[in-house]
Amino acid sequence: MPVLADRQSQLLIDGKLVAGGSGVFETVNPATEEVLGVAADADAEDMGNAIEAARRAFDDTDWSTNTALRVRCLRQLRDALRENVEELRELTIAEVGAPRMLTAGAQLEGPIDDLAFSADTAENYEWTTDLGHATPQGIPTNRKIAREAVGVVGAITPWNFPHQINLAKVGPALAAGNTLILKPAPDTPWAAAAVGQIIAEQTDFPAGVINIVTSNDHSVGALLSKDPRVDMVSFTGSTNTGRAVMTDAALTLKKVFLELGGKSAFLVLDDADLAGACSMAAFTVAMHAGQGCAITTRLVVPRARYDEAVEAAAATLGGIKPGDPNSKRTVCGPLISARQRDRVQSYLDLALQEGGRFACGGGRPADLDTGFFIEPTVIAGLDNNARVSREEIFGPVLTVIAHDGDDDAVRIANDSPYGLSGTVFSGDDARAQAVAARMRVGTVNVNGGIWYSADAPFGGYKQSGVGREMGLAGFEEYTEIKCVATLAN
Ligand code: NAD
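This is a predicted model, so every value here is computed, not measured.

Rules behind the numbers
Residues numbered from 1 in each chain as written. Predicted model: local features only at pLDDT ≥ 70, side-chain atom pairs only at ≥ 80, totals over all residues. Heavy atoms only, no water. Core = buried A, V, L, I, M, F, W, Y, C linked by side-chain atoms within 4.5 Å. Buried < 20%, exposed > 50% of the residue type's maximum accessible area, 1.4 Å probe, protein only. Helix = DSSP H or I, 4+ residues; strand = E, 2+ residues; numbered from the N terminus. Contact = heavy atoms within 4.5 Å. UniProt positions renumbered as here; feature names shortened; annotations may be inferred. Axes fitted to C-alpha atoms, helices over the stretch in contact; angles between N-to-C directions. Parallel < 35°, antiparallel > 145°, perpendicular 65-115°, else oblique. Left-handed = near helix turned anticlockwise from the far one by under 90°. Nonpolar A, V, L, I, M, F, W, Y, C, P; charged D, E, K, R; others polar. Near = heavy atom within 4 Å. Polar contact = N/O pair within 3.5 Å; in protein donor to acceptor, adjacent residues only side chain to side chain. Areas by Shrake-Rupley, 256 points an atom, 1.4 Å probe, with all protein chains shown as cover. Salt bridge = Lys/Arg side-chain N within 4 Å of Asp/Glu carboxyl O.

## Some remarks on the nonpolar core
Turning to step 1, where the next piece is worked out: Counting residues in hydrophobic clusters, the biggest one holds 48 residues, and the most contacted among them are Leu-81, Leu-174, Leu-180, Ile-199, Phe-205 and Ile-210.
Turning to step 2, where the next piece is worked out: The set of elements that each furnish at least two residues to this core consists of helix 2 (67-83), helix 3 (85-96), helix 4 (109-124), strand 7 (152-156), helix 5 (162-175), strand 8 (179-183), helix 6 (189-202) and strand 9 (210-212).
Turning to step 3, where the next piece is worked out: Once residues lying within four places of it in the same chain are set aside, the contact partners of Ile-210 are Leu-12, Val-170, Leu-174, Leu-180, Ile-199 and Phe-205.
Turning to step 4, where the next piece is worked out: Core analysis: the next-biggest nonpolar cluster, separate from the first, contains 45 residues, Ala-277, Val-331, Ala-380 and Val-397 among them.

## What to know about the UniProt feature "active site" (unreviewed entry) in the protein chain
Turning to step 1, where the next piece is worked out: With numbering aligned to this structure, UniProt lists the feature "active site" (unreviewed entry) at Glu-259.
Turning to step 2, where the next piece is worked out: Inspection of the secondary structure assignment puts Glu-259 in strand 11 (residues 255-259).
Turning to step 3, where the next piece is worked out: Ignoring sequence-local partners within four residues, the contact set of Glu-259 consists of Phe-235, Thr-236, Gly-237, Leu-420, Phe-458, Gly-459, Gly-460, Ser-464, Gly-467, Arg-468 and Glu-469.

## Some remarks on the packing of helix 3 against helix 6
Turning to step 1, where the next piece is worked out: Two elements in contact, helix 3 and helix 6, have axes separated by 9 Å at closest approach and are oriented at 160°. The angle between the axes of helix 3 and helix 6 places the two elements in the roughly antiparallel class. Taken as a pair, helix 3 and helix 6 cross one another with a handedness that is right-handed. Packed against helix 3, whose contacting residues are Leu-88, Leu-91 and Glu-95, the element helix 6 presents Pro-189, Trp-190, Ala-191, Ala-194 and Ile-198 at the interface.
Turning to step 2, where the next piece is worked out: Class assignment of the residues belonging to the contact of helix 3 with helix 6 gives a composition of 7 nonpolar, no polar and 1 charged.

## Here we look at the site of the ligand
Turning to step 1, where the next piece is worked out: For the ligand, the set of nearby residues contains 27 residues, the closest of which are Thr-157, His-218, Ser-238, Leu-260 and Glu-392.
Turning to step 2, where the next piece is worked out: Contact distances for the ligand include 2.7 Å between an oxygen atom and a side-chain N or O atom of His-218.
Turning to step 3, where the next piece is worked out: At a separation of 2.5 Å, an oxygen atom of the ligand approaches a polar side-chain atom of Glu-392.
Turning to step 4, where the next piece is worked out: Considered on its own, the ligand offers 850 Å² of accessible surface; in the complex 90% of this is hidden by protein.
Turning to step 5, where the next piece is worked out: Only helix 7 (218-226), strand 10 (232-236) and helix 8 (239-250) provide two or more residues apiece to the shell around the ligand.
Turning to step 6, where the next piece is worked out: Among the elements that line the shell around the ligand, the one with the most residues is helix 8, at 3 residues.

## Describing helix 7
Residues three or four positions apart in an α-helix share a direction because the helix packs 3.6 residues into each turn.
Turning to step 1, where the next piece is worked out: Along helix 7, the residues that are buried comprise Val-220, Gly-221, Ala-222, Leu-224 and Ser-225.
Turning to step 2, where the next piece is worked out: Buried residues belonging to helix 7 abut helix 1 (44-60), strand 7, strand 8, strand 10 and helix 8.

## Description of the environment of Asp-204
Turning to step 1, where the next piece is worked out: In this fold, Asp-204 is placed in the loop between helix 6 and strand 9.
Turning to step 2, where the next piece is worked out: The class for Asp-204 is partly exposed, based on a relative accessible area of 41%.
Turning to step 3, where the next piece is worked out: Measuring from C-alpha to C-alpha, the distance between Asp-204 and Arg-70 comes to 9.7 Å, with 134 residues separating the pair along the chain.
Turning to step 4, where the next piece is worked out: Contacts of Asp-204, omitting those with residues within four sequence positions, involve Arg-72, Cys-73 and Gln-76.
Turning to step 5, where the next piece is worked out: Side chain to side chain, Asp-204 and Arg-72 meet in a polar contact 2.8 Å long.

## As for the pattern of salt bridges
Any two side chains of opposite charge can pair, given that their charged atoms come close.
Turning to step 1, where the next piece is worked out: Counting across every chain of the model gives 27 salt bridges.
Turning to step 2, where the next piece is worked out: Asp-79 serves as the salt-bridge partner of Arg-78, at 3.1 Å between the closest nitrogen and oxygen.
Turning to step 3, where the next piece is worked out: Judged by its relative accessible area of 22%, Arg-78 is partly exposed.
Turning to step 4, where the next piece is worked out: Between Glu-90 and Arg-100 there is a salt bridge, with its nearest N and O atoms 3.1 Å apart. Here Arg-100 lies in the loop between helix 3 and helix 4 and Glu-90 lies in helix 3, a separation of 10 residues in the sequence.
Turning to step 5, where the next piece is worked out: Given a relative accessible area of 30%, Glu-90 falls into the partly exposed group.

Okay, here's the thing in structure tokens:
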């Protein structure tokens, strides 16, 4: 792979690396505000060509039924990405602003390794199950249930964890026998285009099976939701855009899979180690500058110990200085863009207007005049009705809210349009699990357990999404179910 400075970023369409019909657009280092270089800017015709290629590869080749080929290509991709991991790491730190330490996990190496889970699942999957003999309406019949690929999948992704989200769609969708067009976020085109280059140059994926189309124009990606040749759209991003995708997809009634926003709650029960729990909640909010959909951004603590909780959270968050993502010690890097930084700042301004106060942070760091940085911030003095308690901020911002016992804590957690994730801390596992069972969310961390794993399903209730990514459930999202009934003799 070429070094960062010489990068030629192209589209991957029908097995070939090609230029974009709209020329190129710039990609920017969010820590330095420097232009890193340019990416291919696809137009509607490029997207049409990619959809046509994926359609042909699905309809006219044996990709969807040749499990051995799919498993081999996916393992080959994992190996090729691993061989290029150091180049990809530098690219990810530079383009995403991802702290170096996170590239050992969910920002890079984790999702590369997780491709093995998709390959293994396809290899060991029971594609056909026997429902047995029966006599429906008096007619003797043998029934079989087959799982088959859905067809052509359009995958649309955001910028916050580009490799994780891109590969968590590419892996299971291809493993299940679909062909795919990936349309990454305009903020992080290189992360996807580098994978496209590796696929084109170092793997045996047949032409058209995977297409990667970078574009600065959101409407080019929206074609995936609208085009009748696309059978399914798999989207991760904001809830508002998810709504637009679902509306567009309704025109052709295609299958829609959505991973959207969150406003998850971290519940501290009155028998928990308060300082330890609050410190952990604060630390997670600072990671990657809070740009994670499942981060618990509402810290819900016993009312009697509210001030103590605010102090503990502020002691941790106030001690985390945002800085250079290249440094091995940095936890909190920049936000992705000036637009996102300004959006987070507008929520901090709103917190004051709503009557809140900052226990630490509250704006741009005084010592960093370049880069899209925001200080890790604790907002205190507001309840769950404040807009900063209800709306997704997507920055290193924690709002501390008081509860009056377990029932009230559950009520606050569930009093949200979102339902993505949650955490419960208690001195008693059984009590914490009873609370977890009442939370209307897709994943729960009880006393520090980790739900993020290739074999565990991830996704949201309510306006946080439709369907599950990863795990067996994530693989099966990309399948149709066919019942074949044969007249028995
Ligand atoms: P976004 O919704 O603005 O953009 C996401 C993607 O959608 C981008 O590729 C964008 O080009 C594309 N897009 C924009 N308008 C479109 C349209 N009308 N039709 C089709 N595609 C369109 O989100 P973002 O700002 O890139 O990412 C941040 C958001 O993503 C946050 O709200 C965050 O919570 C959410 N997110 C959710 C998850 C999850 O798994 N639940 C994971 C990461 C991020």
